[in-house]
Amino acid sequence: MRCRDGSTLMVLPCVKDTELTNDAAEVVLRLLDAYLQAEAARYVTHWAAAA
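This one's a predicted model, so the numbers in the text were calculated from it and none came from an experiment.

Engineer: Can you explain the overall build of the chain? Please cite residues and give values.
Structural biologist: Counting secondary structure elements, the chain contains one helix and zero strands. Taken over the C-alpha trace, the chain has a radius of gyration of 15 Å; the compact-globule value for 51 residues is 10 Å, which it surpasses by more than 25%. Expressed along its principal axes, the backbone C-alpha trace of the chain runs to roughly 50 × 25 × 10 Å. Buried residues in the chain amount to 2% of all 51 residues. For the chain, the accessible surface area stands at approximately 4,900 Å², while carbon and sulfur atoms represent 59% of it.

Engineer: Talk me through the packing of aromatic side chains; I want residue IDs and the actual numbers.
Structural biologist: Enumeration according to the criterion identifies one aromatic pair in this entry. Seen in terms of ring centroids, Y43 and W47 are 6.2 Å apart; in terms of plane orientation they differ by 65°. Their pairing is edge-to-face. Within this pair, Y43 and its partner W47 are both found in helix α1 (residues 22-50), separated by four residues, close to a single helical turn. You can call Y43 exposed: its relative accessible area is 54%. For W47, a relative accessible area of 49% puts it in the partly exposed group.

Engineer: Which residues make up the environment of R2, and what values do they have?
Structural biologist: As for its placement among the helices and strands, R2 is situated in the segment before α1. When the C-alpha positions of R2 and A51 are compared, they lie 28 Å apart, and in sequence the two are 49 residues distant. Filtering out sequence-adjacent residues up to four positions away, R2 remains in contact with S7 and T8. A distance of 3.3 Å separates the side chain of R2 from the backbone oxygen of G6, its partner in a polar contact.

Engineer: Residues and numbers for the pattern of salt bridges, please.
Structural biologist: Applying the stated criterion to the full structure yields one salt bridge. Taking the shortest distance from any N to any O, the salt bridge between R42 and E39 comes out at 3.1 Å. Of this pair, R42 and E39 both sit in helix α1, three residues apart, which is roughly one turn of that helix. Here E39 falls in the partly exposed class, since its relative accessible area comes to 26%.

Procedures and definitions
- Residues numbered from 1 in each chain as written.
- Predicted model: local features only at pLDDT ≥ 70, side-chain atom pairs only at ≥ 80, totals over all residues.
- Heavy atoms only, no water.
- Helix = DSSP H or I, 4+ residues; strand = E, 2+ residues; numbered from the N terminus.
- Rg over C-alpha atoms; globule rule 2.2 N^0.38 Å.
- Buried < 20%, exposed > 50% of the residue type's maximum accessible area, 1.4 Å probe, protein only.
- Areas by Shrake-Rupley, 256 points an atom, 1.4 Å probe, with all protein chains shown as cover.
- Phe/Tyr/Trp six-rings, centres within 6.5 Å; stacked < 30°, edge-to-face > 60°.
- Contact = heavy atoms within 4.5 Å.
- Polar contact = N/O pair within 3.5 Å; in protein donor to acceptor, adjacent residues only side chain to side chain.
- Salt bridge = Lys/Arg side-chain N within 4 Å of Asp/Glu carboxyl O.

Here it is as structure tokens:
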């Protein structure tokens, strides 16, 4: 989710009644992996441009 000030937030569903199935957990982990890869790439790009 992108905020008005340009910052971004990751929103994950909260499951209180039942545990996540393996399939659902895999989806969430893939989302977190993709998010972390994007953040790392952004960080590297910023510092490469600043150097």
